[in-house]
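Coordinates in review
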Amino acid sequence: MSTKASSRSTHVEAILGRDLYAQVRNVKLLLVGAGGIGCELLKNIVLTGFGDITLLDLDTIDLSNLNRQFLFRKKDVKQSKALVAARTAQQFNPSVRITPIHANIKEPQFDVAWFRQFHIVLNALDNLDARRHVNKMCLAAAVPLVESGTAGYLGQVQPILKDRTECFDCMPKPIPKTFPVCTIRSTPSQPIHCIVWAKSYLIPQLFGEDEDGGDELDEAEKQGENAEKIANLRKEAQAFTAVRNALRSGSHPKPNGSTTRSRSKKANPNGDAAQLVFNKVFEADIQNLLSMSDMWSNRAPPVPLNYHEILNDSFVLPNHPETDAATSNGPFVPQNKAHTNGHNVPNASSSSTASGSGGAGLKDQRELTLRENLELFIHSTNRLSMRLNSGEDTISFDKDDDDTLDFVTAAANLRAAAYGIGGKSRWEVKEMAGNIIPAIATTNAVISGAIVLQALHLLRKNYGGLRNIHLQLKPEVPLNGSSVGAPAPECGVCRDTYVELLCDPSRVTLGEAIERILGDGDDEGTGPRDVSVYEDKRILSDPDFDDNLERTLESLGVTRGKFLTIVDEDGEWGNVAVAIGVLPPNHPPNGPALIPPFPLPKPPRLSKPTPPPLTPNTPPRKRTASVMGGDDDIEHVAPPPKRTKTGMPHINMASPSKKKRLEDEGLLIVENPDEKVDDEPELITIDD
Ligand SMILES: Nc1ncnc2c1ncn2[C@@H]1O[C@H](COP(=O)(O)OP(=O)(O)OP(=O)(O)O)[C@@H](O)[C@H]1O
Ligand SMILES: [Zn+2]
C-alpha cells in the first residue's frame, strides 16, 4: 500500500477499528440518486473506504444543481450525473471502485437478482414512487436499505431491514395538499389559486394535448345529464378549440371573426392570438361567471379585464377603491400590499419592457404592474405559439422553462387582478408553481453523515444501534434519534412473503405460474386455493374471473422486474409477492419455460381471517411529518374494484380526463363551490 493510500486510511481505520474497516473495504454498495444528498453521500462513502460502489441516477446535470451538488462544475452541465459524480469522487480515493449507471432504477434489468448482489442499498432520491420501488426491491432481495430525505432545514434517515424494522411503506405518506377545483375554476381567493389555475388548467388547455371531451359529453348527454350544463361545457370546449387553433396555425382570427395569415412562421407580433386568449379567459369567461348572479351574493364579484384599456393605461379596477391609482400602471395589487406597503410604484412600467426590467430590486423579484403583466402575457404567449408552430406538439409547465414560467406569472397575475387578489413576482411564482422547497446543502451534509452511521450499524449487525434520525427545527434538539419500530403487522408491502419466479414470460401463462407457485401439496399455506392475483394495482384474476389465466405473462405486461401478488381469497394466509426474473444464462433453450421458487412460499397464517388482508401496496397507517415524499407524492390508490366497469363520468366542471389530470396535480374535485370538504383544503407545499 502506498504511503498516500495508507495515510488516507489511517484515520478512518482508527475510528472504525480494523475489523469494521476490513468489512467496509469488501462491501458492495448501491447508491441510488446522485443529487443533493447523493453527491454528499458519495463523498462520504468514498472517503470511508467502501470498496465497491455502484452509483445510479437517471438525470443529467442542471445549472441549478451546482449550488449544492458540489461534485459538478459548470462544464458538466447536461452530462450524466452518475458518470460525472463517479469521475469526480474517484479522485478522492482511487482505491475504491465506483461503477456509474445512467438509468432509471425502475428499469426491468434492475430486478431482484440484480439487487441481491449488493450488501447494502442507500437511497438518495427525491420522489415517492422511486423510493417505494427500491423499498420493495430490497425487501424482495432481503438487502438492508437506508432511506433518507431532506426538505429545507428538515431531514430524515430511516434504516430498513426486512422482518426487523418497519419498511418505507409501513406508514402511508402524507397526501399533497389540495384545493377544490371550484376554487381554482371560479372562486380564487389567494394568489396560489391563480397560479395553480394558470399552471394546471390554462397551460394544458392551450398548449397541452387536445382533449375536447366531445365524446364524453355526447355520452353524458345520452345518459340524461343536465342538458344546459352540457351545452355550456360544449360551448366552452369549442371556444378553447378556436384559440388552440389560432395558437397553432400562425393564422390568427381577428376578434371580429375575420382571419389574418401571418407572413412568416413567427407568431403574430401584434399578439392577435394572445389577444384571443386574453379576451376569452380574462373577459368573456369572467362575464359569463358574473351572469350567474347567485354565485356572487356572498363574495365580491370579479372584474372582466379589458385588453386595450390596459395597454393604453385607461383601465380602472373598480372594485379596489383603496388604491386611487388603480389603473394599469398603479400596482394592480391593492389587497395586502396596499395595507402593508402603503405606497404605489408610480408608472413603474412606463419605460420598462415586458420582462419587467424597470423598477427597484432584482428584475425577477419585482411585482409587475397590470400593464406589464399584460405585455408579458402577450410576449410569452407569442413565444409559446411560435414553439408550437416550429414543431413542438405540446408544451407543459416546467419551472425551468422561461416561456412557461413567464406565461404562468402573467396569467396568474392578470387573473389575480380580476379577482382583487394580490399578485406575485416571477420569483415567487417560480417557487410556488414549481413547488420548490429550497434545498440546503448543510441539511444534506448532516443527513448524509447520519446515513453512513446507520449503514455501519447494519453492516455490523448492530441492530440495537439502529435509529430513525430526524433533523428538526428545534434548537434544543436539532438532531433526534428515535428507536426504530417493528414492521407494521398489517403492512401491504413488507409483510408479504417474497419469492422469485425465473421464467420466459412469453411462454408462461398466468394460470401456470400461479399453479406452480402455490404447488400441489397440502402443506400449511401451500397447495391449490382460491386466490386473487394482482400486478401492482391491476387485478389480473380472482375466483370469479379467470379470463386471463390462459394468457401469457408477457401479454399481461407481467415481465422482468415486475411483481405478481397472490392474495388469499379467504384472508387465511398472508400475501405472496412473486418477483419476475429471467431464466439463468445456462438454461437450455428448449428447457422448461419457468423455474418455480424453491422452497415454495409458505405465507404466515393470519390471526384474524376477517377482514381480508390488505390488497397490495395499500399501507395502512398515517405517517406524521415526513420529508421523504418528495415533490411528486402520490396518493395510495387501492386496486380497482373487481371488474366493475368504470361508470359514466359524472359531469362536473371538468371532464373526466381533465379531472384525472387535475387530481394528478393534487387538486381535489368537489361538486360545487359550496360543498364542504372533510379535510379543510390547504395550500400545496410551499416553504414561505
Ligand atoms: N427513478 C429514478 N431512478 C434513478 N434516479 C432517480 C430516480 N428518481 C429520482 N432520481 C434521482 O434522484 C436525485 C435526487 O436528487 P435531488 O433531490 O437533489 O434532486 P435534483 O433533481 O438534483 O434537484 P432539484 O429537484 O432540486 O432540481 C436526482 O438526481 C434524480 O435524478
Ligand atoms: Zn412495511
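Description of the structure in this document.

Cut-off values and rules
Residues numbered from 1 in each chain as written. Chains lettered and ligands numbered in written order. Predicted model: local features only at pLDDT ≥ 70, side-chain atom pairs only at ≥ 80, totals over all residues. Helix = DSSP H or I, 4+ residues; strand = E, 2+ residues; numbered from the N terminus. Buried ≥ 20, exposed ≤ 12 C-beta atoms within 10 Å, placed from the backbone. Contact = placed C-beta atoms within 7 Å. Axes fitted to C-alpha atoms, helices over the stretch in contact; angles between N-to-C directions. Parallel < 35°, antiparallel > 145°, perpendicular 65-115°, else oblique. Left-handed = near helix turned anticlockwise from the far one by under 90°. Near = placed C-beta within 6 Å. Nonpolar A, V, L, I, M, F, W, Y, C, P; charged D, E, K, R; others polar. Pairing = 2+ DSSP bridges.

Within the chain, the secondary structure is distributed over 19 helices and 16 strands. With 688 residues in all, the chain has 41% of them scored as buried. Considering only residue pairs separated by 6 or more positions, the chain has 69% of its internal contacts joining residues 24 or more positions apart.

For the pair helix α8 (residues 191-207) and helix α15 (residues 402-418), interaxial distance at closest approach is 8 Å and the crossing angle is 130°. Classified by the interaxial angle, the pair formed by α8 and α15 is oblique. Between α8 and α15 lies a crossing of right-handed hand. Facing P191, C194, I195, W197, A198, K199, L202 and I203 of α8, the residues of α15 in contact are T404, F407, V408, A411, A412, R415 and A416.

So, on to the site of ligand 1. The full set close to ligand 1 counts 21 residues, and G33, G35, G36, D59 and D126 are the nearest of them. Within the residue set of the shell around ligand 1, elements represented by two or more residues are α3 (36-48) and β2 (52-57). For the shell around ligand 1, the residue count by class is eight nonpolar, eight polar and five charged.

Now for unusual backbone geometry. With an omega of -5°, the peptide bond running from F598 to P599 counts as cis. If you trace the backbone, P599 turns up in the loop between β16 (594-595) and α19 (656-664). Even without a glycine there, the phi angle at D313 is positive, about 65°. Looking at the element boundaries, D313 is found in the loop between α12 (307-311) and α13 (335-340).

This part is about the environment of N468. You can see N468 is positioned in strand β9 (residues 467-471). Judged by the 20 C-beta atoms lying within 10 Å of it, N468 falls in the buried class. Sequence separation of N468 and E147 is 321 residues, and the distance between their C-alpha atoms is 9.7 Å. Those residues in contact with N468, other than ones at most four positions away along the chain, are V157, Q158, S482 and V484.

Turning to the sheet that holds strand β3 (residues 97-102), a few remarks are in order. Strands in a sheet are paired, the pairing made by backbone hydrogen bonds, and the direction either parallel or antiparallel. Strand order in this open sheet of eight strands is β3-β2-β1-β4-β5-β6-β9-β10, and the pairing throughout is mixed. Either end of the sheet is taken by a strand with one partner, and the two such strands are β3 and β10 (479-483). Ignoring strand direction, the axes of neighbouring strands in this sheet form an average angle of 15°. The strands that helix α4 (residues 81-90) touches are β2 and β3; relative to β3, the one it contacts most, it runs at about 165°. Contacting β4 (120-123), β5 (145-151), β6 (154-160), β9 and β10, helix α17 (residues 441-459) runs over the sheet at an angle of about 15° to β6.

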